[in-house]
Amino acid sequence: GRHLMWLSPDQVAREVRSYVGKGIDFVKYGANEHFGESHGAFLAFSERVQAAIVAEAHRAGVTAQAHTMSVEGLWTALQAGSDVIQHANHTGPIPIPEETLQLLAERQTGAVVFPLMQQRLDWLLANESYRGPNEWQAADDNVRNFIRCGVRILLGNDGLVHASDALSDPLLSKIIASRGVLGVDNLYDLATGHFAWFKAMEEKGMAPMEMLRAATSNIAVAYGKDEDLGTLEEGKIADLLILDRDPLQSADHYRGIHMIVKEGQIVARERLPDEPILTGPAAAPAE
């Protein structure tokens, strides 16, 4: 909760220790705040507090990840020892400095990126006023620099299911509207956004095998699950996605799903979804 922002490092550490004790799988904290009009510019926690949060997560044997929205937020989270940085390419209107890029690459910290296909980026640069063109351009430059510097990139798309009354909110409606155009390349779509991610990274010059690692082994390593997941090896959990065509030849081939195997069992896709969410009936709007 936001009350942690007033506490000392020792007090925050005790709060996090209690939280981790409830049996969570990982700790995620806000290096930057996430308020609306500031676009995440403010640091939420001091360097000492961030270090205390990460230390408590590691003491309990779970990974720590940070939500960052500025170049200084990213730097501070790296100094604190975070294992994963969420939407690391979003740093406001300022591209990430070379020093921080090199540190991110040297430490091989997991960097989740939200890339945009060129046609969507062009549309946003010309039409979207909530963030503005400088922020979108910096985010794109950051992704290209991650590829250049050898940063450990992780696939992510920020996909979610919006509440049925979200469009009535003045701020959320702007964000949703900017995400909804040109649907074929909509990164934020929960059902298909990952296909747009692959295509966008292909456009930016990421090597095909590195793109595949970003969706598999890089994520497993970043979350400390690589002994069980992430690569096809004897003794690991048999979760497999079998495609019709080689994805190393084209990112479009990720769309051609031939078979899904979950824990060694073939998934009967014709019976899915077991519990409809995306296709289920929407709840009535809140009063």
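For every chain, the first residue of the written sequence is number 1, and numbering continues from 1 onward in sequence order. Only residues with pLDDT of at least 70 are given local features in this predicted model, and only at 80 or more are side-chain atom pairs given and counted; all residues enter the totals for whole chains, interfaces and linings. Hydrogens and waters are ignored; side-chain quantities use all the structure's heavy atoms.

Student: Describe the packing of helix α5 (residues 118-127) against helix α6 (residues 133-149), with residues and values.
Tutor: Only the contacting stretch of a helix is used when fitting its axis, a line to C-alpha atoms as for every element, and angles between N-to-C directions run 0 to 180 degrees. Helix and strand definitions follow DSSP, with helices as H or I runs of at least four residues and strands as E runs of at least two, each counted in order from the N terminus. Running from amino to carboxyl end, α5 crosses α6 at an angle of 155°, the nearest separation of the two axes being 8 Å. On the basis of their axis angle, the class for α5 and α6 is roughly antiparallel. Where α5 approaches α6, its residues Gln118, Leu121, Leu124 and Leu125 are matched on the opposing element by Pro133, Trp136, Gln137, Asp140 and Arg144. By the convention adopted, Pro, Cys, Tyr, Trp, Phe, Met, Ile, Leu, Val and Ala count as nonpolar, Lys, Arg, Asp and Glu as charged, and the other residues, Gly among them, as polar. Grouping the constituent residues of the contact of α5 with α6 by class yields five nonpolar, two polar and two charged. Oblique is the label for any angle not under 35 degrees, not over 145, and not in the 65 to 115 range, which are roughly parallel, roughly antiparallel and roughly perpendicular in turn. Note on definitions: a residue-residue contact is assigned when non-hydrogen atoms from the two residues lie within 4.5 Å.

Student: Before we move on, can you summarise the pairing of strand β1 (residues 26-30) with the specific residues and values?
Tutor: A one-sided burial pattern is seen for β1, the buried positions being Val27 and Tyr29 and the unburied ones Phe26, Lys28 and Gly30. Two strands are counted as paired when DSSP detects at least two bridges linking them. Note that β1 and strand β2 (residues 63-67) share five bridges and pair parallel. Bridge pairing in β2 links Tyr29 to Ala66. Once the chain exits β1 it traverses helix α2 (residues 47-59) before rejoining the sheet at β2, and the crossover so formed is right-handed. Throughout this description, buried means an accessible area under 20% of the type-specific maximum (1.4 Å probe, protein chains only), exposed means over 50%, and partly exposed covers the range between. For the handedness criterion, the strands are oriented away from the viewer, and a crossover whose path from the first strand over the helix to the second runs clockwise is classed as right-handed.

Student: Please set out the sheet that holds strand β8 (residues 265-266) residue by residue, giving values where relevant.
Tutor: Spatially, the three strands line up as an open sheet ordered β6-β7-β8, and their pairing is antiparallel. The sheet is open, and its two borders are formed by β6 (240-243) and β8, each paired with just one other strand. Where strand β7 (residues 257-262) and β8 come together, two bridges link them in antiparallel fashion. Its bridge partner lying in β8, Lys262 is registered against Gln265.

Student: So, the pattern of salt bridges: which residues are in play, and what are the values?
Tutor: A side-chain nitrogen of Lys or Arg and a carboxyl oxygen of Asp or Glu constitute a salt bridge if their distance falls within 4 Å. A complete count under the given rule lists twelve salt bridges for this structure. A salt bridge links Arg120 to Asp185, with the shortest nitrogen-to-oxygen separation between them at 3.2 Å. Of this pair, Arg120 sits in helix α5 while Asp185 sits in the loop between α7 (170-180) and α8 (193-203); the two residues are 65 residues apart in sequence, bridging distant segments of the chain. On the accessibility criterion, Asp185 (1% relative accessible area) is buried. Here Lys199 ties to Glu202 by a salt bridge, and the two come within 3.1 Å at their closest N and O atoms. One end of the pair, Lys199, and the other, Glu202, are both in helix α8, three residues apart, so they sit about a helical turn from each other. Look at Glu202 and you get partly exposed, because its relative accessible area is 29%. One salt-bridge network, held together by shared partners, links Arg17, Glu56 and Arg59.

Student: Could you give me a rundown of the sheet that holds strand β3 (residues 84-86), with the residues and numbers involved?
Tutor: The strand order β1-β2-β3-β4-β5 describes an open sheet built from five strands, whose pairing is parallel. In this open sheet, the two edge strands, each paired with only one partner strand, are β1 and β5 (153-155). Recorded for the sheet is a direction-independent mean angle of 30° between the axes of neighbouring strands. As judged from the two bridges shared by β3 and strand β4 (residues 110-113), these two strands associate in the parallel manner. Residue pairing across strands places Val84 opposite Gly110, the latter belonging to β4.

Student: Give me the lowdown on the packing of aromatic side chains, citing residues and values where you can.
Tutor: Stacked, edge-to-face and tilted labels apply to pairs of Phe, Tyr and Trp rings (six-membered ring for Trp) whose centres lie within 6.5 Å, assigned for plane angles under 30 degrees, over 60, and everything in between, in that order. Counted under the stated rule, the structure contains four aromatic pairs. A ring pair is formed by Phe26 and Tyr223, whose centres lie 5.6 Å apart and whose planes are at 80°; its orientation type is edge-to-face. Here Phe26 is found in strand β1, whereas its partner Tyr223 is found in the loop between α10 (217-222) and β6, with 197 residues between them in sequence. On the basis of relative accessible area, Phe26 is assigned to the partly exposed category, the value being 34%. For Tyr223, a relative accessible area of 25% gives the class partly exposed. Aromatic side chains Phe198 and Tyr254 sit 3.7 Å apart centroid to centroid with 5° between the ring planes, which places their arrangement in the stacked category. Separated by 56 residues along the polypeptide, Phe198 in helix α8 and Tyr254 in the loop between β6 and β7 bring together distant segments of the chain. Residue classification places Tyr254 among the buried positions, given a relative accessible area of 6%.

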